[in-house]
Amino acid sequence: MQDQKQDQEENKKQPETEEKEEKAVSLKESEFLQLKEEADKAKVYWDRLLRLQADFDNTRKRMDREKQDFVKFANEGIILELLNILDDLERTLELAESKHQDLPAFLKGVEMILSHLYEMLKEYGIKPIEAEGKLFDPNYHEALMQAENKDVPEHTILEELQKGYLLNDRVIRTAKVKVSKK
């Protein structure tokens, strides 16, 4: 018994980091060739996997760059059209500053510019919210004032203080209105 205890103590004292001996395994040649063939396939698949991963990463990075560029320049078309309208307004202002006395022509020019602006907004899916004379709808209107009026039903919009707009049927700005009350 004492010999067993000594052996156990000696085993405990030996470092656990001893290198294990490499064992030789004998295989049939066909098994060895099959294993070698499967190892070669695994190496090819691993290489393909690494290349696909790199391609995926490059594609993701390219798409991120394209998305950032799209966001950065998405409004370019509408801005170019607004610049044309701005040019028209500047020319009209220069005409007014030159003390040209033809007020009807001046007003006609401003009306044409306004019409051009409304057409441009319409092309981009923007349309005004109809308000005056309609029933108040908190989804489309924001009541800023109330006024007593017995001639119209309660919650009827009496006056539009600021126009509201829809972008492709989604409210981008509510109409600011004065609403009737009894």
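See the structure above.
Fair warning: this is a prediction, and the values are worked out from it, not measured in the lab.

## Here we look at the overall build of the chain
- Per the secondary structure count, the chain includes 4 helices and 6 strands.
- Helices and strands appear in the chain in the N-to-C order α-α-α-α-β-β-β-β-β-β.
- Across the 182 residues that make up the chain, the buried fraction comes to 12%.
- Considering only contacts within the chain whose residues lie at least 6 apart along the sequence, 61% involve residues at least 24 apart.
- Approximately 16,200 Å² of the chain is accessible, and the part contributed by carbon and sulfur atoms is 53%.

## A closer look at the sheet that holds strand β1 (residues 126-128)
- Read across the open sheet, the 3 strands follow the order β1-β4-β5; overall the sheet is antiparallel. Only two strands of the sheet have a single partner each, and these edge strands are β1 and β5 (170-173). Averaged over neighbouring strand pairs, the angle between their axes works out to 35° when direction is ignored.
- Taken together, the 3 bridges between strand β4 (residues 165-167) and β5 define a ladder with antiparallel strand orientation. Considered in β5, the bridge of tyrosine 165 is made with arginine 173.

## Things to note about helix α3 (residues 76-97)
- In this model, α3 (22 residues) spans 31 Å end to end at C-alpha, consistent with the 32 Å of a helix rising 1.5 Å per residue.
- Immediately beyond the C-terminal end of α3, within one or two residues, lies lysine 99, with a positive phi of roughly 60°.

## Here's the deal with the nonpolar core
- Among the nonpolar cores identified, the biggest contains 6 residues, and these are Ile85, Ile113, Met120, Leu121, Ile126 and Tyr165.
- With 3 residues, helix α4 (residues 103-123) is the largest single contributor of residues to this core.
- In this structure, Ile157, Ala175, Val177 and Val179 belong to the second largest nonpolar core, which totals 5 residues.

## Comments concerning a nonpolar patch on the surface
- Taken together, the side chains of Val25, Leu27, Phe32, Leu33 and Leu35 present a nonpolar region at the surface, about 510 Å² in accessible area.
- As for its position among the elements, leucine 35 is in helix α2 (residues 29-73).
- A relative accessible area of 47% means that leucine 35 is categorised as partly exposed.

## Focus: the pattern of salt bridges
- Overall, the coordinates contain 9 salt bridges when judged by the stated rule.
- One salt bridge connects aspartate 64 with arginine 60, and the closest N-O pair in it is separated by 4.0 Å. Of the two residues, aspartate 64 and arginine 60 both sit in helix α2, 4 residues apart, roughly one turn of that helix.
- With a relative accessible area of 39%, aspartate 64 lands in the partly exposed category.
- Its relative accessible area of 40% is what places arginine 60 among the partly exposed residues.
- Where salt bridges share partners, they join Asp57, Arg60 and Asp64 into one cluster.

Conventions we followed
- Residues numbered from 1 in each chain as written.
- Predicted model: local features only at pLDDT ≥ 70, side-chain atom pairs only at ≥ 80, totals over all residues.
- Heavy atoms only, no water.
- Helix = DSSP H or I, 4+ residues; strand = E, 2+ residues; numbered from the N terminus.
- Buried < 20%, exposed > 50% of the residue type's maximum accessible area, 1.4 Å probe, protein only.
- Contact = heavy atoms within 4.5 Å.
- Areas by Shrake-Rupley, 256 points an atom, 1.4 Å probe, with all protein chains shown as cover.
- Pairing = 2+ DSSP bridges.
- Axes fitted to C-alpha atoms, helices over the stretch in contact; angles between N-to-C directions.
- Expected span 1.5 Å × (residues − 1).
- Core = buried A, V, L, I, M, F, W, Y, C linked by side-chain atoms within 4.5 Å.
- Patch = residues over 30% accessible without salt bridge, like charges linked within 9 Å, V, L, I, M, F, W, Y side chains within 5 Å.
- Salt bridge = Lys/Arg side-chain N within 4 Å of Asp/Glu carboxyl O.

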